[in-house]
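Residues per chain are reported as follows:
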Amino acid sequence: MANSVVSLDHCKTWDKSGKNEFIKLCRSHVAGAGDNGLPIEHAAGLRDAVYELTWHCLRENIKLEQTLQSVGVLTDMHPGIPSLLADTLSVIDTETTCQDNESVREIFLALLSESKELIGEGLLKERLDYETMEAVKVITNKLAFSQKYVRLKTKLFYKQQKFNLLREESEGYAKVVTELMQTKNDSSSTMALEGIKSLIGCFDLDPNRVLDIILEAFECSPHLDKFFVSLLESYMYEPITLCHMLGFKFQFYKEEDIATPESLYRVAALLMQHGLLQLDNLYAHLAPDDSEILQKAKLEMRAARTYARNMSMVILSDKGADKEDEDKDKIEKPVDNQKLGLCEALLNLGDWDHAKQVIDRLPSNSAVSNPQIAKALCILVSKLIDPLYRRYGQPSGAKPRRVGSLTSPFALKPPTRISELGPVFQVGCVLGPYASLDQVLLWKLIRLGKYIMKEKNSTKGGIRTDLEDVYRRLLSLCEMVLLPSLSMIENNACISEAMWTLIKTFPYHIRYSLYGRWKNRMYNQYAPLIRMKANALDKSKYIMKRLTKENVKQMGRQIGKLSHANPGVLFDYLLSQIQKYDNFILPVVDSLKYLTSLSYDVMAYCVIEALANPEKERMKHDDTELSMWLQSLASFCGAVFRKYNIELTGLLQYVANQLKAGKSYDLLIMREIIQKMSGIEVTELMTADQLEALAGGELLRAEGGYFSQVRNTKKSSQRLKEALLEDNLAVSLCMLMSQERFNIVFKHGTETHLKLVGKLYDQCQDTLVQLGGFLANLLNTDDYAKHLPALDILVLEYQLTADSAFFLHRPMCSHAIMSKYDELRKQDKLDKSSKSSSSGSSQQKTQRYVEAVEAVIPPIVERVKALQSPKVWDEISPQFYVTFWTLSMYDLKVPSNSYTKEIAKLDASVAALEDNKEMVSAKKRKEKERFNAIKDKLKDEEKKQQEHCSRVEARLKQECNAWFTQRSTKNETITQFLQHCIFPRCCFTASDALYCAKFVLTVHQLKTPNFSTLLCYDRVFQDITYTVASCTENEASRYGRFLCAMLETVIRWHGDKAIYEKECSNYPGFVTVVRATGAGDSSNKADQLDYENFRHVCHKWQYKLTKALVACLESKEYTQIRNTLILLTKILPYFPLVQNLGNVLEKRVDKIRADEKDKRPDIYALAMGYSGQLKSRKPHMLPEDKFHQKEAKPTASTLQLGQQQNGTSNSAASKKPAATATANNSSTAAVKENGTTGVEEGSKTNATKERDPSTPDKTIGKTSTSSSTKRSSGSPAPSKKESKSDGKERSSKEEKASKDEKKEESKKEKSSKEGKSHKSHHKDKDVKGHKEDKGHKDHKRRKVEHSSSDGASGEVKDGSSKSRSKSRERITVEKDRERDERSRSMEKKGEKKRDHSEGDRDSMEVKRRKEDESSSRRSSKSPSSKEEKKSKSSKSSGDAVNGERLSKKEKREERKEKKEAKEEAKKESREERRESREEGREAKEKKAKRESKEDGRDEDRHHSRKQRSR
């Protein structure tokens, strides 16, 4: 032991010192003991010492004699020590008996037999077992002793000393009953006790029977609890005896199957409340057992779930119903539950502590599921809250209902302050949905909760801290009691509205949390709620099956009744049907008008829950479009939130959270809500009239700018505005959408379809424009400036693009300028001394407007400087940049035609009203007044816009001189202008596209210095291939509108010389030459582009557009083809205008239409639409000679003919127009700038330089990637010889020139037949790809023999060896060039055949390499050796000129050589055939592998589509 009293050291020195220390220790424990006995604290230490001493003796650490001596000393110390020794030895007796050590047992018996005299046999007989006493001879016979002990015990405890039965002593018991029943509440229990005692003694009554009679009397008079409790305390203060007596009573009723009386429950509760009875002692006597109660609770839950399952399916047999009836019988069989009865009695007394203990012992919710328990608990809560309810919650004038009070001193005390309601709410939380049994209590709790929230949200800070605990308890009460209880109350709209008055005081996230737990948790915890949910779902299905447009009113009432109690269940099913069938949206929205406010709020939560469902796929199976369920849900949201007053904050915050997470799919919800609630829509299907109307004022935009009528949206717009301003959601959403719009392209990988990425980008862009337009219309300047950060902060800190930042800031700038202008105008009106005429007044207004601009714009200009690099500001000024981005179409143009059309529509509507005889006159007059009021407002609006545009024009005239610096180059200026201004904004919205075109025209009309209009248009119409390829679908439409507006201006100038001379002739934008002095005087006609040259330039632009668009159409890329067709549709009124260009486009579109018919239906539809429109435009197209005057000098056709001739004449023909142009301008000492030369050359020599686009695919359809890449990398602009800048044309000319040189050399070498044969031989081999058949080899052999015979005849001229060496060099050069041509042609074929795999190209490359090696091997073998042989034969023939014959030896050698040549030729042919067979076999294997892979992919795709469709 860790703290042993007698250690081994004491044992070793026992005789010397150990015994004395042990005795001393024992004396210290006995020293403080009295004669009554040993204290507990002393007895414990002494018992441990004796116990260790005894075990040391048994282990033989101490001798037996020494131990007996020590025990003898101990017995003399105190009289109580022998009893302690007997207890200790009894324990050791048990321990040694359990052990199997016989030696220890023998020592113990010896010790016990020697010490029995010291302890006493009486104590040993009380403490030791029969066997041990017999072993030590304390008793002689254990059997006789045990019999004697039983008889004695029976005599002492079980022999009847008193009368127990009432019939045995009826008089005595009758007097006891009379004594107890005559008592009153104020009687003394002491006197009654004395009388009872005397009766017991007089009549020899049994005290236990008397106790039972006292309890029976207590049951009959429970109101005399004070008397009987005091009497019981005095009569028998033994809780165990009392508990057994009551337990006997409870068991009697259980065994006899008799209902336990409530009086017994009340007596037990009162005794428990006063502390005379313990719950733990009595609980074991109560029935039924806890396991039976648990089994019953499980049966109830199982029956409820079975009921819900049967409600959702069709049962054809009666087996399930029979089983359910059996379970129901098991459950509904009445059982006398004494535990619940006791709990009810405790609750009625207000003893919550003991009642809570009983409830906690039972299974979850099984206690409160008993109606009696639930009602008792409701009464308890009502009594507890009644004082505070009367003070704070009761409406004025209402008559209160008396609920009583808790009189027991041990009951809960009602709270006196609001901050003390927490424990009461905790008691109420136990009720759960069973609080519906007392609807009055629900009203009281709701009203108290409203008062608590009112105090919490008040400005008194002290109350808020006190109410934090009550607030948390109130939330738990709403979650566990109030909302679930609402599900148990059917068709009570009043309590639902009352519930909303409390719930609406919570923030939306708290409310939605409560709804979620109500709908997803509470319905699964309680059996009654499971049944209610099944019934509500069945009723919902019944209603939705019968809902149509005709019975909306009748079905709507049923939906309203159902939603009062179970809104979550109803809306879950309703939304699931809407997601499947979108034609349900309108009837469902119309049928929701009978809902309560709480139901509307729950519906908003259900919508968010449906949107956030992770099990739903947001994309269709092809992953290119949004799913139909999401689109249907978005349409439903827009319609229902517009029609009904539902809080939007939760839904908007959900969209913002999704954007934060990088998910933009749910922006469709935002788009529909803004469109339906404000009437602002963004679509690319707008007509030209609608776009023109959007450039007007607010009223014109509402009347003619949108497809839908923007009416009756004032209230819904205001609600949306308030929801957006709450928590600063408006600006947050704008910035998140701007950031997501920029990130969409980069965060989606290659696995995402490009079509989907474009759609998401467009959706983000359109929603941003929609929201920005809504905020600009609804928010005033102060709100806008308050919530929106500064411009540079948006770009630099929040990483917004410049177009998005300026789009958000543009309304604020306009408002700021107009506010400053109005302020200056008010100052002028206050100045009475200033009097001027009307013209002076308009000039003064313009001057004030310019001053307002000068006051507002400079701070913005300073902020803007940090957005771009200093290099940009060297070309364009920051003021010009700000002016471009802050203006809009409203500032530049007045849509007079739109105003006129709308006024005409209103006049027609008034005339139609006059003709309508069925309308009531009062209504007709009201409508007429409304139309006239709108017409007057439109006229005033048009007038205001005209004045505003004139002021803006005056401002621009004043600013334009400082827009572009003189030191800047026009080319770089136009580059920066297009890059940072035009291209970002023209693709932002359709209105911005028109604005960009109008702004370019405005800059031209202002005669802005250092701005080249001609160069700007030229750069816009140049190669647009990459621009079109990088656009999304909507951006392509906007870019097309921009090009259409630009072409409209160009074609208007092209169509009429007078207009061109008026608007362009003396303008600096059309200057082609800048004087060395830098004055920029454009009065000289030689410096201006004349009308005819401008027509040439227009043809060049038409050609350039055709070339770029044809290249896009032939690219085989989905986005390029789609964007090109969209763009062509938009610019169709002004392109193509030349017949041959139109024919080229028509052929390409027809080819696409044929190719895409069964592949991509969307492209096929676009091609079909454009093809039809193009054919209808054919009568309006012009021949090329009518479009512009073609010069008599070499045209495109002569250029094509010249390419077939020698290269010298071709180059001379191409340089001639350039020389003419130089001669025309030689008289003027002009310095031509970079970038202007390309336009000037294109204007003067376009007809001679450009090829005819109507020719086949060789001229148009091949994109010049090299030249475009060089231009994009910063190389100078195209020079005069623009046609030669094309890399492929130049290479083709060089190749043709080299071929012409070869022809000339071949003419000179006609006399050399040997060289000619070699040349033709190598040429045939190169052309045919080194694949010769047997006949070709024989022909080759005959040629070799003929050449050798010619050499032998002496017809070879001098210098033949030199010609042969030259021919060999020429042949090698020719072979290299032809190989390059073949590789280029193969690359072109590979571009046309998209299914050309990588393995095929590799095999072709290996084949070419082998052919080159074999040809070089043959050339190394045959030509040189054969030439030597020919030279030898020629010498021998020269010696035999006189007609001598060759010797036989020489003939044999000649035959031998021929034979060897034949064998070599055969070997080579065999090798070539073998190589070709191997290559063909490899190609077939690779092709089979590729086809098998493609088949596998097709099967996988087909299988995945089937799975998705399932």
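Just so we're clear, the structure is a prediction, and the values are computed from it rather than from any experiment.

Participant: Help me understand the nonpolar core, please; the structure alone is not making it clear to me.
Facilitator: Looking at soluble globular proteins, one finds that nonpolar side chains tend to be buried together. Formed by 316 residues in total, the largest nonpolar core has its most connected members in Leu592, Phe636, Phe977 and Phe1042. In terms of residues, this core owes the most to one element, helix H56 (residues 1091-1113), which gives 12 residues. Setting aside anything within four residues of it in sequence, one finds Leu592 in contact with Ile559, Phe571, Leu574, Tyr600, Met603, Phe636, Val640 and Tyr644.

Participant: Would you mind showing me how to read the packing of aromatic side chains here?
Facilitator: Given two aromatic rings, one states the distance between the centres and the angle between the planes to describe the pair. Counted under the stated rule, the structure contains 47 aromatic pairs. Here the aromatic rings of Tyr512 and Tyr515 are separated by 6.2 Å at their centres, their planes lie at 40 degrees, and the arrangement is tilted. With Tyr512 and Tyr515 both in helix H27 (residues 508-520) and 3 residues apart, this pair spans about one turn of that helix. Like Tyr512, the residue Tyr515 is buried in the burial classification. Seen in terms of ring centroids, Phe884 and Phe999 are 5.0 Å apart; in terms of plane orientation they differ by 80 degrees. Their pairing is edge-to-face. Of this pair, Phe884 sits in helix H46 (residues 878-886) while Phe999 sits in helix H51 (residues 990-1005); the two residues are 115 residues apart in sequence, bridging distant segments of the chain. Residues Phe884 and Phe999 agree in their burial class; the two are buried.

Participant: Quick question: what am I supposed to make of helix H12 (residues 207-220) here?
Facilitator: An α-helix turns once per 3.6 residues; consequently, residues spaced three or four apart project the same way. The end-to-end C-alpha distance of H12, which contains 14 residues, comes to 20 Å, matching closely the 20 Å that a straight helix rising 1.5 Å per residue would cover. Listing the buried residues of H12 in full gives Val210, Leu211, Asp212, Ile213, Ile214, Leu215, Ala217, Phe218 and Glu219. Packed against the buried residues of H12 are helix H10 (170-181), helix H11 (189-203), helix H13 (225-235), helix H14 (239-255) and helix H15 (262-273).

Participant: How should the side chain of Thr88 be read in this particular structure?
Facilitator: In this structure, Thr88 sits in helix H5 (residues 81-98). According to the relative accessible area criterion, Thr88 is buried, its value standing at 3%. Apart from the residues within four sequence positions on either side, Thr88 is in contact with Arg47, Val50 and Tyr51.

Participant: Can you help me understand helix H54 (residues 1033-1055) in this one?
Facilitator: Here H54 spans 32 Å end to end across 23 residues, near enough to the 33 Å set by a 1.5 Å rise per residue. Here H54 lies mainly inside the structure; 19 of its 23 residues are buried.

Participant: I keep staring at the pattern of salt bridges and nothing clicks. Help me out?
Facilitator: For side chains bearing opposite charge, pairing can occur when the charged atoms are close. All chains considered together, the criterion is met by 49 salt bridges. Between Glu902 and Lys905 there is a salt bridge whose closest N-O contact spans 3.5 Å. On the criterion of helical spacing, the pair formed by Glu902 and Lys905 is a turn pair, its members being 3 residues apart in helix H48 (residues 896-915). Close ionic contact of Lys1116 with Asp1155 constitutes a salt bridge, the shortest N to O distance being 4.0 Å. In this pair, Lys1116 is assigned in the loop between H56 and helix H57 (1118-1130) and Asp1155 in helix H58 (residues 1139-1155), connecting sequence segments 39 residues apart.

Participant: What should I look at first to understand a nonpolar patch on the surface in this one?
Facilitator: Together, Leu152, Leu156, Phe157 and Tyr158 line one region of the surface with nonpolar side chains, adding up to about 520 Å² of accessible area. Considering the arrangement of structural elements, one finds Leu156 in helix H9 (residues 142-157). Overall, the relative accessible area of 58% leaves Leu156 in the exposed class.

Participant: I tried to follow unusual backbone geometry on my own but got confused; where do I start?
Facilitator: Comment: phi is negative for the bulk of residues other than glycine, and the bulk of peptide bonds are trans. In this structure, the amide linkage connecting Ala287 to the following residue, Pro288, adopts the cis form with an omega of 0 degrees. Within the element layout of this structure, Pro288 appears in the loop between helix H16 (279-283) and helix H17 (290-311). Of note, the amide linkage connecting Phe1135 to Pro1136 takes the cis form, showing an omega dihedral of -5 degrees. Located in the positive-phi region is Asn491, a residue other than glycine, with phi close to 55 degrees. In this structure, Asn491 sits in the loop between helix H25 (468-487) and helix H26 (493-503). If you check the backbone angles, Gln799 has positive phi at about 60 degrees while not being a glycine. Of note, Gln799 is situated in the loop between helix H42 (791-796) and helix H43 (802-830).

Participant: What is the right way to look at a negative patch on the surface in this model?
Facilitator: A surface patch of negative charge is lined by Glu1453, Glu1457, Glu1460, Glu1463 and Glu1464. By the secondary structure assignment, Glu1453 is in helix H70 (residues 1448-1509). Of the residues examined, Glu1453 reaches a relative accessible area of 43% and is grouped as partly exposed.

Procedures and definitions
- Residues numbered from 1 in each chain as written.
- Predicted model: local features only at pLDDT ≥ 70, side-chain atom pairs only at ≥ 80, totals over all residues.
- Heavy atoms only, no water.
- Core = buried A, V, L, I, M, F, W, Y, C linked by side-chain atoms within 4.5 Å.
- Buried < 20%, exposed > 50% of the residue type's maximum accessible area, 1.4 Å probe, protein only.
- Helix = DSSP H or I, 4+ residues; strand = E, 2+ residues; numbered from the N terminus.
- Contact = heavy atoms within 4.5 Å.
- Phe/Tyr/Trp six-rings, centres within 6.5 Å; stacked < 30°, edge-to-face > 60°.
- Expected span 1.5 Å × (residues − 1).
- Salt bridge = Lys/Arg side-chain N within 4 Å of Asp/Glu carboxyl O.
- Patch = residues over 30% accessible without salt bridge, like charges linked within 9 Å, V, L, I, M, F, W, Y side chains within 5 Å.
- Areas by Shrake-Rupley, 256 points an atom, 1.4 Å probe, with all protein chains shown as cover.
- Lys, Arg positive; Asp, Glu negative; His and termini not counted.
- Charge placed at Lys NZ, Arg CZ, Asp CG, Glu CD.

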